[in-house]
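Structural overview
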Number of protein chains: 2
Amino acid sequence: MTRYKLTIAYDGTKFHGFQRQPKLRTVQGVLEKALFKMTKGKEIDVFGSGRTDAGVHAFGQVIHFDYPGEIPANSMLKAINSLMPLDVIVKDAQIVDNSFHARFGVKKKTYQYRVDCGHYTDPFKRFYTGHYPYKFDLKRIEESIKDLQGTHDFSSFAASGGVIENKVRTIYAATVKFDSVQNELIFEFTGNGFLYNMVRIMVATLLEIGNGRRDVHDFIRLYEAKDRQEARGTAPASGLYLKEVFY
Amino acid sequence: MTRYKLTIAYDGTKFHGFQRQPKLRTVQGVLEKALFKMTKGKEIDVFGSGRTDAGVHAFGQVIHFDYPGEIPANSMLKAINSLMPLDVIVKDAQIVDNSFHARFGVKKKTYQYRVDCGHYTDPFKRFYTGHYPYKFDLKRIEESIKDLQGTHDFSSFAASGGVIENKVRTIYAATVKFDSVQNELIFEFTGNGFLYNMVRIMVATLLEIGNGRRDVHDFIRLYEAKDRQEARGTAPASGLYLKEVFY
């Protein structure tokens, strides 16, 4: 058996998320189906760095699997790409040793979140951005986002349904920029781990701060509150991209 | 009756083109259906500046129709937008006098064509660009595209199926630029009229010139040839955008 590490991109629009589910089209599902074909009927488990929800995209999701026999990494890349639907692409393939694990080996991850600021819903962006047609003060968002960096208890930013007890995470970098050509706010967050819906809840809160509906330093209060009801909004899945996974 | 001129944008991916067709989802179809609702059952004809094919997009298609009674232009815009699916948006509405005709009044049109130059098919661009993963020399394309400007017989660039006899058209501007952030070639053509598939055939020819498979001044030869077989290729619909219509 040879262990392969693949970096993949996908348009999440038409997937019911990353994780395999019976009868539903998922990213893990199409990958495992391809490997089933390549091995002429062997069931191979694909491990991802983590799940992404329905509608969430990836520029650089990382997976691994063990393949019977050894074929060159570049041949593996081409073979799988030839079996992928057009909304998934393998960007890189490497042979790694058996100590590598796509999920347990993650050191940090970067997520991007894109928000279209146009007045109307843009027909070309509806699956690829969130949408915020209201006024905001970029300076307030820039000031506020600094409070996200560091180690905090993110209980206020975890969607119910998560089963993880420890909600302390470290965010190494949190940035925002305004792309005036695209008329989009582009957020990026790099951290050692993210709770369920955490990025989408943080973005919704940042937009409310920008709009003046929350205090600039409301994050400080929310860390103390440890109450999901306090953060409330969740930005839509369509704006979220898993950008990079670090090992 | 009041005549309205609307500027609309649409993502053509899920439309069988602009023109109404029985049982198929078309842009004209969804507009006429909305007007049918607004008038509680009157059939109103929508006139577009011209058709776009299945998969072709628009940033600025122009239409007109006659509406029973007069409502303010901005109310018309809001009313129709409230009835549009998410892949169509009305960007502007104006009341015009009865001499205005969306099709017969066209003075010139601008089309944009986007070509993704990445090695692989990008999952996020498959519906929104053409794709050219081969080498090209931008200077050759820049030199060649100058030959398109002016008044020429475009018989070599008209897809069979067209019924128009006179294939002489004037192109006022033809430009190309390379967007290094998106890794895309962006072509723009402004002319007094375009034959069926003409832009897509011109782009395919320009790419072959860039690749060195045709002479830099092959357009001169093609004007003389007046033979569709000579130009051959047609770039895919997904990269084409009707950008602006001038009256």
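Residues numbered from 1 in each chain as written. Chains lettered and ligands numbered in written order. Predicted model: local features only at pLDDT ≥ 70, side-chain atom pairs only at ≥ 80, totals over all residues. Heavy atoms only, no water.

1. Remarks on the overall build of chain A
- A count of helical and extended segments in chain A gives six helices and 10 strands.
- Relative to the globule expectation of 18 Å for 247 residues, the C-alpha radius of gyration of chain A, 19 Å, shows essentially globular dimensions.
- Overall size of chain A, expressed as C-alpha extent along the three principal axes, is 60 × 40 × 30 Å.
- Classification of the 247 residues of chain A by burial places 54% in the buried group.
- Intrachain contacts of chain A at a sequence separation of at least 6 include 71% that bridge at least 24 residues. (Helix = DSSP H or I, 4+ residues; strand = E, 2+ residues; numbered from the N terminus. Rg over C-alpha atoms; globule rule 2.2 N^0.38 Å. Buried < 20%, exposed > 50% of the residue type's maximum accessible area, 1.4 Å probe, protein only. Contact = heavy atoms within 4.5 Å.)

2. What to know about the packing of aromatic side chains
- Enumeration according to the criterion identifies 39 aromatic pairs over all chains in this entry.
- A ring pair is formed by Phe59(B) and Tyr241(B), whose centres lie 4.7 Å apart and whose planes are at 15°; its orientation type is stacked. A residue pair is termed long-range when its members are at least 10 positions apart, and Phe59(B) in strand β3 (residues 57–67) and Tyr241(B) in strand β10 (residues 240–246) qualify at 182 residues.
- Take Tyr241(B): its relative accessible area is 4%, and that puts it in the buried class.
- Connected via pairs of aromatic rings, a cluster forms that spans Phe59(A), Phe124(A), Phe127(A), Tyr128(A), Tyr241(A), Phe59(B), Phe124(B), Phe127(B), Tyr128(B) and Tyr241(B). (Phe/Tyr/Trp six-rings, centres within 6.5 Å; stacked < 30°, edge-to-face > 60°.)

3. Notes on the relation of the copies chain B and chain A
- Mapping chain B onto chain A is achieved by rotating through 180° and translating by 0.0 Å along the same axis, at an RMSD of 0.0 Å. Expressed as an axis order, the relation between the two copies is that of a two-fold axis. Taking C-alpha positions as the reference, the residue of chain B nearest the rotation axis is Phe124(B), at 5.6 Å.
- Of the interface residues in chain B, 100% have counterparts in chain A that sit at the interface too, so the contact is made through matching surfaces. (Least-squares fit on C-alpha atoms with pLDDT ≥ 70 in both.)

4. A word on the pairing of strand β8 (residues 168–179) of chain B
Residue and element names in this part refer to chain B.
- Here four bridges tie strand β7 (residues 150–153) to β8, and the two strands are oriented antiparallel to one another. Looking at the pairing, Gly150 lines up with Ile171 of β8.
- Strand direction decides the pairing type here: β8 and strand β9 (residues 184–191), joined by eight bridges, are antiparallel. Bridging across to β9, Ala173 finds its partner in Thr190.
- Hairpin connection from β8 to β9: four residues lie between these consecutive antiparallel strands, with Asn183 at a positive phi of about 55°. (Pairing = 2+ DSSP bridges.)

5. Quick word on the UniProt feature "binding site: substrate" (unreviewed entry) in chain A
- Within the UniProt annotation, "binding site: substrate" (unreviewed entry) is assigned to Tyr111(A).
- Apart from residues no more than four positions distant in its own chain, Tyr111(A) is found in contact with Arg51(A), Phe187(A), Glu188(A), Phe189(A), Phe194(A), Val199(A), Leu240(A), Tyr241(A), Leu242(A) and Lys243(A). (UniProt positions renumbered as here; feature names shortened; annotations may be inferred.)

6. So, the UniProt feature "domain: Pseudouridine synthase I TruA alpha/beta" (unreviewed entry) in chain A
- Here the UniProt-annotated "domain: Pseudouridine synthase I TruA alpha/beta" (unreviewed entry) positions come out as residues 8–104 and 146–247 of chain A.
- End-to-end, the C-alpha atoms of residues 8–104 of chain A are 18 Å apart, and along that stretch the chain is 24% helix and 26% strand.

7. Remarks on unusual backbone geometry
Residue and element names in this part refer to chain A.
- A positive phi angle, close to 70°, is found at Lys23, a residue other than glycine.
- Within the secondary structure, Lys23 is located in the loop between β1 (2–10) and α1 (27–38).
- Looking at Lys23, the relative accessible area reads 87%, which means it is exposed.

8. Here we look at the nonpolar core
Residue and element names in this part refer to chain A.
- If you look at the biggest cluster of nonpolar residues, it comprises 68 residues, and the most contacted ones within it are Phe65, Ile80, Leu148, Phe157, Phe187 and Phe189.
- Looking at this core, the element that brings in the most residues is helix α4 (residues 198–211), giving eight residues.
- Residue contributions to this core reach at least three from each of two domains, namely domain 1 (2–96) and domain 2 (108–246). (Core = buried A, V, L, I, M, F, W, Y, C linked by side-chain atoms within 4.5 Å. Domains from an automatic or database assignment.)

9. A word on the interface of chain B and chain A
- Taken together, the contact between chain B and chain A spans 22 residues of the former and 22 residues of the latter.
- Both sides of the chain B and chain A interface together cover about 1,800 Å² of buried area, and 69% of this is carbon and sulfur.
- Here Arg126(A) makes a salt bridge to Asp11(B), at a shortest N to O gap of 3.2 Å.
- Viewed at the interface, chain A and chain B are joined by two residue pairs in polar contact (both at pLDDT 80 or more). (Buried area = accessible area lost by both parts, 1.4 Å probe. Salt bridge = Lys/Arg side-chain N within 4 Å of Asp/Glu carboxyl O. Polar contact = N/O pair within 3.5 Å; in protein donor to acceptor, adjacent residues only side chain to side chain.)

10. Brief notes about the pattern of salt bridges
All names here are of chain B.
- The full count for this structure, using the stated rule, is 34 salt bridges over all chains.
- Here Glu208 ties to Arg213 by a salt bridge, and the two come within 3.9 Å at their closest N and O atoms.
- The class for Arg213 is exposed, based on a relative accessible area of 57%.
- Between Glu230 and Arg221 there is a salt bridge, with its nearest N and O atoms 2.9 Å apart.
- Look at Glu230 and you get partly exposed, because its relative accessible area is 27%.

11. Brief notes about the domain arrangement of chain A
Residue and element names in this part refer to chain A.
- We note that the domain assignment places domain 1 (2–96) and domain 2 (108–246) within chain A.
- Together domain 1 and domain 2 conceal approximately 1,200 Å² of surface at their shared face, both sides included; 58% is due to carbon and sulfur atoms.
- Among the residues domain 1 hides against domain 2, the three largest losses belong to Asp53, His57 and Phe59. Together they make up 43% of the total.
- Counting across the domain 1 and domain 2 interface gives one salt bridge.

12. Structural notes on the packing of helix α3 (residues 138–145) of chain B against helix α4 (residues 198–211) of chain B
Residue and element names in this part refer to chain B.
- For the pair α3 and α4, interaxial distance at closest approach is 7 Å and the crossing angle is 130°. When the axis of α3 is compared with that of α4, the two are oblique. Crossing handedness for the pair α3 and α4: right-handed. Mapping the contact onto sequence places Arg140, Ile141, Ser144 and Ile145 in α3 and Leu206, Ile209 and Gly210 in α4.
- Among the residues making up the contact of α3 with α4, the classes are represented as four nonpolar, two polar and one charged. (Axes fitted to C-alpha atoms, helices over the stretch in contact; angles between N-to-C directions. Parallel < 35°, antiparallel > 145°, perpendicular 65-115°, else oblique. Left-handed = near helix turned anticlockwise from the far one by under 90°. Nonpolar A, V, L, I, M, F, W, Y, C, P; charged D, E, K, R; others polar.)

13. Things to note about helix α2 (residues 73–83) of chain A
All names here are of chain A.
- Along α2, the positions that sit buried rather than exposed are Ala73, Met76, Leu77, Ile80 and Asn81. The buried residues of α2 all sit within an arc of 125° when viewed along its axis, so they share a single face. Of the exposed residues in α2, the ones pointing more than 90 degrees away from its buried face are Lys78 and Ser82.
- Residues of α2 that are buried in the fold lie against β1, α1, β3 (57–67) and β4 (88–96). (Arc of directions from axis to C-beta.)

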